Amino acid sequence: MSLRLQPVQVATGSDDAESQLVFADGFLVAVLVCLSEQHEADAGKWFLEAGFGRVDDLNAPLFADVDEAQGWIEQQLL
Amino acid sequence: MAILARHVIATMRRLVREKGARGIMTDSTSEASGNPFLRKLERFVPLSDEDRVVLLKVSENAQAVPARTDLVQEGDPPAGVFLILEGFACRYKLRANGARQIMAYLVPGDAGDFDVALLDAMDHSISTLSDCTVVRIAPETIRDLLARPAVAAALRKSTLVDEATLREWLLNVGRRTAVERLAHLFCELHLRLSAVGRTDEYRFKLPLTQPDLADTTGMTSVHLNRSLMELRRQGLIELQQRHLTILDLPRLRELAEFKAGYLHLGDQAAA
């Protein structure tokens, strides 16, 4: 399995816009959003805005960077 | 964490046993108008002077309980009824992964279920969210209260309102957007706190954290933060130093489709 990222802007209704679509073997499995300054201490971390199939998790952690998020997504897909 | 929880429960039970050790004795004349339990029940049913004296006496053995202390945990045998005189407490359940859902707030004047002694074990936990003043009402005192017809009727009505509120919260998490959920919660708290004299017009103390609000409205802390910002951006609320000010109540109610009937507060609900 290989993950592929595609940068996008997501209309979250907030300042959080910088995002990445995450594809696994060509399928969209997650949308990651980078948290803006409005989240203060969490600004710059990555949030699982949406996860599909096995990546769906209401209690996913925040990720320090995209690599960490990809590692977590890979674990979910194992 | 489990050890800590057991420790705080043991501490609470010891405090409850040592009645008066940290008890808060209050002047009964000033208390009559300020006691939130009495204020709440009198709103439901007219009470006699004798009923009022009995209800005020219930509040005499109040204890100061720090924030984030479990009063009773899921699975425990019921330990009487907890009445909140000051602060915010909640009913909650935990998932195995630690995720928490808050099912109800207990604000001043609110108590647990008066029929809880019928159950063998608690099906949920009750915890303080902020520093609280709490009374544990013993089972024998509950029996005495329920033997007074007007008091019993007021307590039953209070239970009906708790159930109606739970239905409204279910509608909230199931069928409202994040911003609407939060707007609805703030409209409700404004009325409930106003009914027990804990508001200054449109401003009230909201001693809750963002994770508390997120666990109440069934959303992540990220969505909670965005939703608070959106309500601010629309000029509907201001939240500073744990005080919430509703800047435009009609618009906040319109956004939430808030109809106060389920709180059964009478005329005040329309205010």
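Residues numbered from 1 in each chain as written. Chains lettered and ligands numbered in written order. Predicted model: local features only at pLDDT ≥ 70, side-chain atom pairs only at ≥ 80, totals over all residues. Heavy atoms only, no water.

1. Considering the overall build of chain B
When you go through chain B residue by residue, the secondary structure sums to 10 helices and 11 strands. Split into buried and exposed, the 271 residues of chain B put 51% on the buried side. Of the contacts formed within chain B by residues at least 6 apart in sequence, a portion of 73% connects residues at least 24 apart. In the form shown here, chain B has an accessible surface area of approximately 13,100 Å², with 54% of it arising from carbon and sulfur atoms. (Helix = DSSP H or I, 4+ residues; strand = E, 2+ residues; numbered from the N terminus. Buried < 20%, exposed > 50% of the residue type's maximum accessible area, 1.4 Å probe, protein only. Contact = heavy atoms within 4.5 Å. Areas by Shrake-Rupley, 256 points an atom, 1.4 Å probe, with all protein chains shown as cover.)

2. Notes on the environment of B:Glu201
Relative to the elements of secondary structure, B:Glu201 occurs in the loop between β8 (199-200) and β9 (203-205). In this structure the C-alpha to C-alpha distance between B:Glu201 and B:Ile246, which are 45 residues apart in sequence, comes to 9.1 Å.

3. Digging into the pairing of strand β7 (residues 132-137) of chain B
Residue and element names in this part refer to chain B. With 5 of 6 residues buried, β7 is to be regarded as a mostly interior element. Bridge analysis of strand β1 (residues 63-65) against β7 gives 3 bridges, and the strand direction is antiparallel. Each residue of the ladder has a partner; that of Ala64, found in β7, is Thr133. Of the strand pairs in this sheet, strand β3 (residues 81-86) and β7 are connected by 5 bridges, and their pairing is antiparallel. Bridged to Val81 within β7 is Ile137. (Pairing = 2+ DSSP bridges.)

4. Some thoughts on the nonpolar core
Judged by nonpolar contacts, the single largest core of 77 residues is most densely connected at B:Tyr105 and B:Phe186. Looking at this core, the element that brings in the most residues is helix α7 (residues 178-195) of chain B, giving 10 residues. Residue assignment places this core across two domains, with domain 1 (2-158) and domain 2 (176-270) of chain B each supplying three or more. The contacts of B:Phe186, once residues within four sequence positions are left out, are B:Phe204, B:Leu206, B:Leu213, B:Leu228, B:Leu231, B:Ile237, B:Leu244, B:Ile246 and B:Leu252. Counting 15 residues, the second-largest nonpolar core is a separate cluster that includes A:Leu3, A:Ala30, A:Leu32 and A:Val55. (Core = buried A, V, L, I, M, F, W, Y, C linked by side-chain atoms within 4.5 Å. Domains from an automatic or database assignment.)

5. So, the confidence of the model for chain B
All names here are of chain B. Put simply, chain B has an average pLDDT of 89, and 86% of its residues get 70 or more. The low-confidence segment residues 1-5, where pLDDT is below 50, has 2 contacts with residues more than four positions distant or belonging to other chains. Per-residue pLDDT stays below 50 along residues 11-30; that stretch engages in 25 contacts with residues further than four places along the chain or on separate chains. (pLDDT = per-residue confidence, 0-100.)

6. Description of the interface of chain A and chain B
Chain A puts 13 residues into the contact, and the matching count from chain B is 10 residues. Interface area for chain A against chain B, summed over the two sides, is near 830 Å², with a carbon-plus-sulfur share of 50%. The largest share of the area that chain A buries against chain B comes from A:Gln38, A:Phe47 and A:Asn59, three residues that together contribute 51% of it. Taken together, the connections running from chain A to chain B amount to 2 salt bridges. Between B:Arg226 and A:Asp16 there is a salt bridge; the shortest N-O distance is 2.7 Å. Seen at the junction of chain A and chain B, the total is 6 residue pairs in polar contact (both at pLDDT 80 or more). Tallied by class, residues from the side of chain A that touches chain B come to 5 nonpolar, 6 polar and 2 charged. (Buried area = accessible area lost by both parts, 1.4 Å probe. Salt bridge = Lys/Arg side-chain N within 4 Å of Asp/Glu carboxyl O. Polar contact = N/O pair within 3.5 Å; in protein donor to acceptor, adjacent residues only side chain to side chain. Nonpolar A, V, L, I, M, F, W, Y, C, P; charged D, E, K, R; others polar.)

7. Concerning the pattern of salt bridges
This model, assessed by the stated rule, comprises 19 salt bridges over all chains. The closest approach of N and O atoms between A:Glu49 and B:Arg226, which form a salt bridge, is 2.8 Å. A residue pair is termed interchain when its members come from two chains, as with A:Glu49 in strand β4 (residues 46-51) and B:Arg226 in helix α9 (residues 221-233). Given the relative accessible area of 23%, A:Glu49 is considered partly exposed. A relative accessible area of 5% places B:Arg226 in the buried class. Between B:Arg192 and B:Asp110 there is a salt bridge, and its shortest N-O distance comes to 2.8 Å. With B:Arg192 in helix α7 and B:Asp110 in the loop between β5 (100-106) and β6 (125-128), this pair connects stretches of sequence that are 82 residues apart.

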